[in-house]
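Understanding the architecture of this molecule
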Amino acid sequence: MTKHVGILTAGGDTPGLNAAIRAVGKACRGKDMQIIGFLDGFRGLMQNRMIRMDDKALSGILTVGGTILGTSRDKPHKMPVGDKTLDMTGVMLETYKKHHLDVLVCLGGGGTQKNAYRLVQTGMNIITLPKTIDNDVSMTDVTFGFDTALGIATEAIDRLHSTAHSHHRIIVVELMGHNTGWLALGAGVAGGADVILIPEIPYDTEIVAEAIRQRSRAGKRFSIVAVSEGAMSRETAVAMQEAIDAKDSAERKDDKNAAKEVIDYLEKQRANSTEELARKLEQLTGLESRITILGHVQRGGTPSAVDRLLATKLGTACAQYIEAGVFGVMVAAKGESYTAVPLEDLVGKRKVVPLDHPWIQSARLVDTCMGD
Ligand code: F6P
């Protein structure tokens, strides 16, 4: 009997999503399955907004950035509807049944894995693929989108070198990565940043300043500081932990206002930390500093060859799992191959950079200051 497959993309967009959609779609159609795509993530599933993934829809998209299906950060169980936030998982199950789906394929990062697992619990057959430029999804070697972002960020750091050098400045370049340092570390090492600051290693601003002063003494009157958006000074890390404890305690007491106050505080801390770091480094070293926030440039544009290959491998593997009736899993990258990991084993976990990771060791060996 012909299988009916649904597919959606959720969370932040990522280069390689269209390559994955194409791979799932073409491989499923090759196995005589029918496939439809829901628009704008879980919101489209709730609203039953979909398109048929025929040959025309699947053609010419391998090299295209973003996602042809659109995406959103809406969560099935906390969906903004009018002025309310509602649990819409039941409505999504109705859409699933309406289309007689045998499986729904969800392409996303850590949050999407969690949301997809919620749908598994309603009885839907789900398979996920891991995408994010942050590379922080657990139980997969790598996520698609990361390699492209790494290339873009590395090129940006390369380009910052000449201007920092010409003006004898410190350039603090902020990279994405959410609460993990994969992107800042990778691009920092590849781009030869003099300082790399990642969330996994809270930094001491004085140590960073001294590393820059030492460079000046050695006649190098500029420095590139690659900082992950989630990186924190040691003091902020302590304050953050206290705030998280306060939030947990407020939530236990059901004090929503107190918890919200703490969350606002945490967000403010994070938002200003790069500016604050640049200002302090300027004061401590006497060198002029500038900030570059790479932002969404890191997520835009055409996927790298590595990401196209990875997305195609995982997408075509996904079709094979569908054919075999393997559901409730994420198709993970494992070495040159792939594997199916039960969603229940990975949801709620984040893949952080291990402190003994070879990239950290190499960075230290080439005299890069890691802020500690
Ligand atoms: O998860 C991908 C990511 O780009 C993170 O690196 C970043 O923190 C976040 O998304 C930005 O999200 P948005 O595009 O919703 O502002």
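Residues numbered from 1 in each chain as written. Predicted model: local features only at pLDDT ≥ 70, side-chain atom pairs only at ≥ 80, totals over all residues. Heavy atoms only, no water.

A few words now on the overall build of the protein chain. Broken down by element type, the protein chain carries 13 helices and 13 strands. Its C-alpha atoms give the protein chain principal-axis dimensions of about 75 × 50 × 35 Å. The proportion of buried residues among the 372 residues of the protein chain is 51%. Considering only contacts within the protein chain whose residues lie at least 6 apart along the sequence, 73% involve residues at least 24 apart. Accessible area for the protein chain stands at about 16600 Å²; split by element, carbon and sulfur atoms hold 52% of it. Positive and negative charge centroids in the protein chain, built from 44 and 45 side chains respectively, lie 3 Å apart. (Helix = DSSP H or I, 4+ residues; strand = E, 2+ residues; numbered from the N terminus. Buried < 20%, exposed > 50% of the residue type's maximum accessible area, 1.4 Å probe, protein only. Contact = heavy atoms within 4.5 Å. Areas by Shrake-Rupley, 256 points an atom, 1.4 Å probe, with all protein chains shown as cover. Lys, Arg positive; Asp, Glu negative; His and termini not counted. Charge placed at Lys NZ, Arg CZ, Asp CG, Glu CD.)

This brings us to helix H11 (residues 305-324). The end-to-end C-alpha separation of H11 is 29 Å, in line with the 28 Å expected for 20 residues at 1.5 Å each. All of the buried residues in H11 are Asp 307, Leu 310, Ala 311, Lys 313, Leu 314, Gly 315, Ala 317, Cys 318, Ala 319, Tyr 321 and Ile 322. Following H11 by one or two positions, Gly 325 has its phi on the positive side, about 75°. (Expected span 1.5 Å × (residues − 1).)

Once that is clear, we can look at the pattern of salt bridges. Side chains carrying opposite charge are able to pair once their charged atoms draw close together. The final tally for this structure, using the stated rule, is 17 salt bridges. The residue Asp 194 makes a salt bridge to Arg 215 at a minimum N-O spacing of 3.0 Å. Here the residue Asp 194 occupies a position in the loop between helix H7 (182-190) and strand E9 (195-197), and Arg 215 occupies one in helix H8 (residues 205-217), the gap between them amounting to 21 residues. Each member of the pair Asp 194 and Arg 215 is classed as buried. Where Arg 213 meets Glu 210, a salt bridge forms, and the shortest distance between an N and an O atom there is 3.0 Å. Taken together, the positions of Arg 213 and Glu 210, both in helix H8 and three residues apart, correspond to about one turn of that helix. A relative accessible area of 27% means that Glu 210 is categorised as partly exposed. A cluster of three or more residues bridged by salt bridges with shared partners is formed by Glu 206, Glu 210, Arg 213 and Arg 217. (Salt bridge = Lys/Arg side-chain N within 4 Å of Asp/Glu carboxyl O.)

The subject of this paragraph is the site of the ligand. As a structural note, the neighbourhood of the ligand is formed by Arg 73, Ile 133, Asp 134, Met 176, Gly 177, His 178, Glu 229, His 296 and Arg 299. At 3.2 Å from an oxygen atom of the ligand is found a main-chain nitrogen or oxygen belonging to Gly 177. A distance of 2.8 Å separates an oxygen atom of the ligand from a polar atom in the side chain of His 296. Class assignment of the residues belonging to the shell around the ligand gives a composition of two nonpolar, three polar and four charged. (Near = heavy atom within 4 Å. Polar contact = N/O pair within 3.5 Å; in protein donor to acceptor, adjacent residues only side chain to side chain. Nonpolar A, V, L, I, M, F, W, Y, C, P; charged D, E, K, R; others polar.)

Here, disulfide denotes a covalent bond that connects the sulfur atoms of two cysteines. Taken as a whole and assessed by the stated rule, the structure comprises zero disulfides. Cysteine Cys 106 remains unbridged, with the sulfur of Cys 318 as its closest cysteine sulfur at 9.8 Å. Given the relative accessible area of 0%, Cys 106 is considered buried. (Disulfide = S-S within 2.5 Å.)

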